[in-house]
Amino acid sequence: MTKPLIAEFSDADSLISAAVRLKREGHQLLDAFTPFRLPELDSILIVKPSRIRLSMLVGGLAMAAFFYFLQWYSSVIDYPLNTGGRPLNSWPVFLLVPFEVGMLAAALSGFAAFLWTCRLPRLYHPIFDTTDFARATQDRFFLLAAQTGKEERSASLRKLLKHSGAVAVREQGS
Amino acid sequence: MSVIASAPANPAHPWIAADHASYGEVTALIADSVLLRPAGWRWWIALGVSGLFVLATMVAIYVLFTEGIGVWGVNSTVVWGYAIASYVWWIAIGSGGTLISAMLLITRQRWRASVNRFAETMTIFAVSISGLFPILHLGRPQYFYWLAPYPNTMLLWPQWRSALVWDFWAIVSYLLFSLLFLYIGLLPDLATMRDRATTVYGQVFYGAFALGWRGSAHHWRCYETFQITLAALAVPLVVSVHSIVGLDFAASLMPGWQETIFPPYFVVGALFSGFASVAILTALVRWGLRLEAVITVHHFNAMAKILLLASVVMTCSYATEWFMAWYAGAAADRSLLVFLFTGSYAPLYWMQLSFNCLLPQALWFPRVRRSILCVVLIAIGINIGMWLERILIIWNTLSHGYAVSLWRLFYPTLWDWILLVGPVGLFVFFFLCFVRLVPAVPMNELRKLCREEHVA
């Protein structure tokens, strides 16, 4: 496998049509870098759905259960205090705090899962060295593609990208 | 200055006032006002004036802590005063920020893009300020940490059945949750700022907070999943937080407070005053940052419709209160109702009703909704009316409880007034710093909007 090529496009539609074309011709699409979300890319690039929601559910429920236990333990076992004839395990009002804390825990575990699945934080990445890559967060669309197999297809990939409307085609990191 | 800023309103693209707006122009419009444009004398004057308010707030807090809550107008009957009214009012404003951002995200409202960022920021600052008041009113504020369960030498636990403990967890969870929600929305924009920053300090500052975001398709997918899920959690969270504020009153035994309608009624009130505050801030940000191109009269029209709906629901809630007081037949409740309309605070109560119920009815007229000045003036009226509602919920009930011998009025002191208006300056101070530090409008969502509206 030769070095992957990174193609720069000036609008979203040409990036998408180029990606579709490359995929049809059997090239390997590695990633795309865009200044805003393009949901069309998910199916083209085969981006896997993440487990973020599952970890939020687990984190939230675990914390809520822990807080209910804490309230129950402190007011039934460790420090039973009978005020105004209220039951020691006053479950209706004991649901309030676990709900709030559970939501916060869900958000925090979601954040951790988000960073984990995106491999962030990573302050430096080789792709930042690519010329003009700073525009990927502003107004340009980048497609990272590689050819598999024989050497002669390298030229064909470059040509294909140019034909699909790429403003520039470079090797990654140059 | 880019061309889109001077373009006239275009009916074909209601949410962007331009025929053409490239991604680069949109980015420059938002980012340059932070990175390149100097703050200007207006900003400095506003910062200076709000700085004086901050100073006054700090002095008032110092006096309160050294002298005790006797410096306020509270007495042994009206034990809550401005502090708790302001707490409810501020947290309601914060709730409005979350609702405008999260509800509109879940329902995929495109126009959200221009207003959600500072709505979320408003939440952070308003909730931080609201969190001050329960601590200030404690009397022994230095022991506020007793609300948290921690291993202590007294072998004590918090009283989980206490409204104060619920407030503690509600505010802490809500504040941290909102911070995370704001930060996640900021992430792609911080990367833009990192890539556009001209100084090394700017690159390091924004770069550190951008966590190395590079806009990969995989990142965007995770980002969207996480953000939408957070928004879906934010709506029940904000409803629960404000319901807890309602329960602070409803869990008591006082006439006029012990009502099952209180939690939902407080949530609608939060939506009402929060949207009103967002409308005011939108007008100010639009004017201050010259964002006429991306914040159009259509945005005000949309917000005005929500205000109108909230006003109608508020009116129904008030009517339900009156009806239930009469229908349930409790003497104390009926006597309180008479006191509402004819008692010592009646002029304020009539003012509240005219600001919250009558004034917003003007929004039925499209011409009023499309006038930014009218929407802002009505929003200011709503905010005053909603503050009156909060203070009157406290004053009326506490001044007119079961025991006639305890009927007593509240007279605010100088320190009450300072702690009422001071935090407004504190909020403005924070907000002014915010608009100079991060893009006030989410650039990535605006670019997406440009593509969807076919103007890019």
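Owing to the predicted nature of the structure, the values given are computational and were not obtained by experimental measurement.

Per the secondary structure count, chain A includes six helices and four strands. Listing each helix as α and each strand as β along chain A from the N terminus yields β-α-β-α-α-α-α-β-α-β. Over its C-alpha atoms chain A spans a radius of gyration of 26 Å, topping by over 25% the 16 Å that the globule rule assigns to 174 residues. Along the longest, intermediate and shortest principal axes, the C-alpha atoms of chain A span 85 × 30 × 25 Å. Considering chain A as a whole, with its 174 residues, one finds that 48% of them fall into the buried category. Summarising the internal contacts of chain A: among those between residues at least 6 apart in sequence, 77% fall at separations of at least 24. For chain A, the centre of its 19 positive side-chain charges and the centre of its 15 negative side-chain charges are spaced 4 Å apart.

This brings us to the domain arrangement of chain A. Annotation of chain A at the domain level lists domain 1 (5-49 + 125-171) and domain 2 (52-117). For domain 1 of chain A and domain 2 of chain A, the distance between their C-alpha centroids amounts to 46 Å.

Here the focus is helix 10 (residues 331-342) of chain B. All names here are of chain B. With 12 residues, helix 10 should reach 16 Å at 1.5 Å per residue; the first-to-last C-alpha distance of 16 Å fits that figure. Three or more residues of helix 10 are buried, namely Ala332, Leu336, Leu337, Phe339 and Leu340. Projected onto a plane normal to the axis of helix 10, the buried residues spread over an arc of 160° and lie on a single side. Structural note: helix 10 exposes Ala331, Val338 and Thr342 on the side pointing more than 90 degrees away from its buried face. Those residues of helix 10 that are buried lie in contact with helix 9 (297-328), helix 11 (346-358) and helix 13 (372-399).

Time to look at empty space enclosed by the protein. Residues and elements named next belong to chain B. All chains considered together, the criterion is met by three cavities of 30 Å³ or more. Size it by volume and the largest cavity reaches roughly 40 Å³. Forming the walls of the largest cavity are Thr98, Glu120, Thr123, Phe177, Ser178 and Phe181. The element that contributes the greatest number of residues to the lining of the largest cavity is helix 5 (residues 163-196), accounting for three residues. Here the lining of the largest cavity is built from residues that sort into two nonpolar, three polar and one charged.

Glancing now at the interface of chain B and chain A. Across the contact, 57 residues belong to chain B and 67 residues belong to chain A. Both faces considered, chain B and chain A share a buried interface measuring about 5500 Å² in area, 68% of it formed by carbon and sulfur atoms. Considering only the surface of chain B that becomes buried against chain A, B:Trp160, B:Arg161 and B:Arg214 emerge as the three largest contributors, covering 16% of it. Applying the counting criterion to the chain B and chain A interface returns four salt bridges. For the pair chain B and chain A, the number of links is 25 residue pairs in polar contact (both at pLDDT 80 or more). Counting only elements with at least two residues in the side of chain B that touches chain A, the list comes to helix 1 (23-35), helix 5, helix 6 (200-210), helix 7 (217-250) and helix 15 (443-452) of chain B. Element by element, the count of residues in the side of chain B that touches chain A is highest for helix 7 of chain B, at 20 residues.

Moving on to the layout of surface pockets. One way to see where empty space is left: roll a probe the size of a water molecule over the atoms. The calculated volume of the largest pocket comes to roughly 1300 Å³. Around the largest pocket, the lining is made up of 44 residues, and of these B:Leu281, B:Leu284, B:Val428, B:Phe431 and B:Leu432 lie nearest the centre. Those elements that provide at least two residues to the lining of the largest pocket are helix 2 (41-67), helix 3 (82-106), helix 8 (262-288), helix 11, helix 13 and helix 14 (414-437) of chain B. Residue contributions to the lining of the largest pocket peak at 10 residues, all from helix 14 of chain B. Its boundaries defined by the atoms lining it, the second largest pocket holds a volume of some 510 Å³. Around the second largest pocket, the lining comprises 24 residues; the ones closest to its centre are B:Trp146, B:Trp157, B:Pro158, B:Gln159 and B:Val165. Among the elements of the structure, helix 3 (52-78) of chain A together with helix 5 of chain B are those that each provide at least two residues to the lining of the second largest pocket. Classifying every residue of the lining of the second largest pocket by side-chain character gives 17 nonpolar, five polar and two charged.

Evaluated as defined, the whole model comprises 14 salt bridges over all chains. For A:Glu8, the salt bridge is made with A:Arg170, and the minimal N-O distance between the two is 3.1 Å. With A:Glu8 in strand 1 (residues 5-9) and A:Arg170 in strand 4 (residues 168-171), this residue pair connects regions lying 162 residues apart in the sequence. Each member of the pair, A:Glu8 as well as A:Arg170, is classed as buried. One salt bridge connects B:Asp32 with B:Arg196, and the closest N-O pair in it is separated by 3.0 Å.

Our focus in this paragraph is the packing of helix 8 of chain B against helix 9 of chain B. Residue and element names in this part refer to chain B. The geometry of helix 8 relative to helix 9 is characterised by a closest axis approach of 9 Å and an angle of 155° between their N-to-C directions. Considering their axes alone, helix 8 and helix 9 lie roughly antiparallel with respect to each other. Pair helix 8 / helix 9 crosses with left-handed handedness. Split into classes, the residues belonging to the contact of helix 8 with helix 9 amount to 18 nonpolar, four polar and two charged.

What follows covers the UniProt feature "transmembrane region" (unreviewed entry) in chain A. UniProt annotation of "transmembrane region" (unreviewed entry) refers to residues 54-73 and 93-116 of chain A when read in the numbering used here. For residues 54-73 of chain A, the helix share is 100%, the strand share is 0%, and the end-to-end C-alpha distance is 28 Å.

Let us look at the environment of A:Leu108. Structurally, A:Leu108 is set in helix 5 (residues 96-118). Between the C-alpha atoms of A:Leu108 and A:Glu25, which are 83 residues apart in sequence, the distance is 42 Å.

About the cut-offs
Residues numbered from 1 in each chain as written. Chains lettered and ligands numbered in written order. Predicted model: local features only at pLDDT ≥ 70, side-chain atom pairs only at ≥ 80, totals over all residues. Heavy atoms only, no water. Helix = DSSP H or I, 4+ residues; strand = E, 2+ residues; numbered from the N terminus. Rg over C-alpha atoms; globule rule 2.2 N^0.38 Å. Buried < 20%, exposed > 50% of the residue type's maximum accessible area, 1.4 Å probe, protein only. Contact = heavy atoms within 4.5 Å. Lys, Arg positive; Asp, Glu negative; His and termini not counted. Charge placed at Lys NZ, Arg CZ, Asp CG, Glu CD. Domains from an automatic or database assignment. Expected span 1.5 Å × (residues − 1). Arc of directions from axis to C-beta. 1 Å grid on protein atoms, 1.4 Å probe; cavity = no way out; pocket = protein on both sides within 12 Å on 5 of 7 lines; lining within 4 Å. Points joined across faces, edges and corners; volume = space filled by probe spheres on them. Nonpolar A, V, L, I, M, F, W, Y, C, P; charged D, E, K, R; others polar. Buried area = accessible area lost by both parts, 1.4 Å probe. Salt bridge = Lys/Arg side-chain N within 4 Å of Asp/Glu carboxyl O. Polar contact = N/O pair within 3.5 Å; in protein donor to acceptor, adjacent residues only side chain to side chain. Axes fitted to C-alpha atoms, helices over the stretch in contact; angles between N-to-C directions. Parallel < 35°, antiparallel > 145°, perpendicular 65-115°, else oblique. Left-handed = near helix turned anticlockwise from the far one by under 90°. UniProt positions renumbered as here; feature names shortened; annotations may be inferred.

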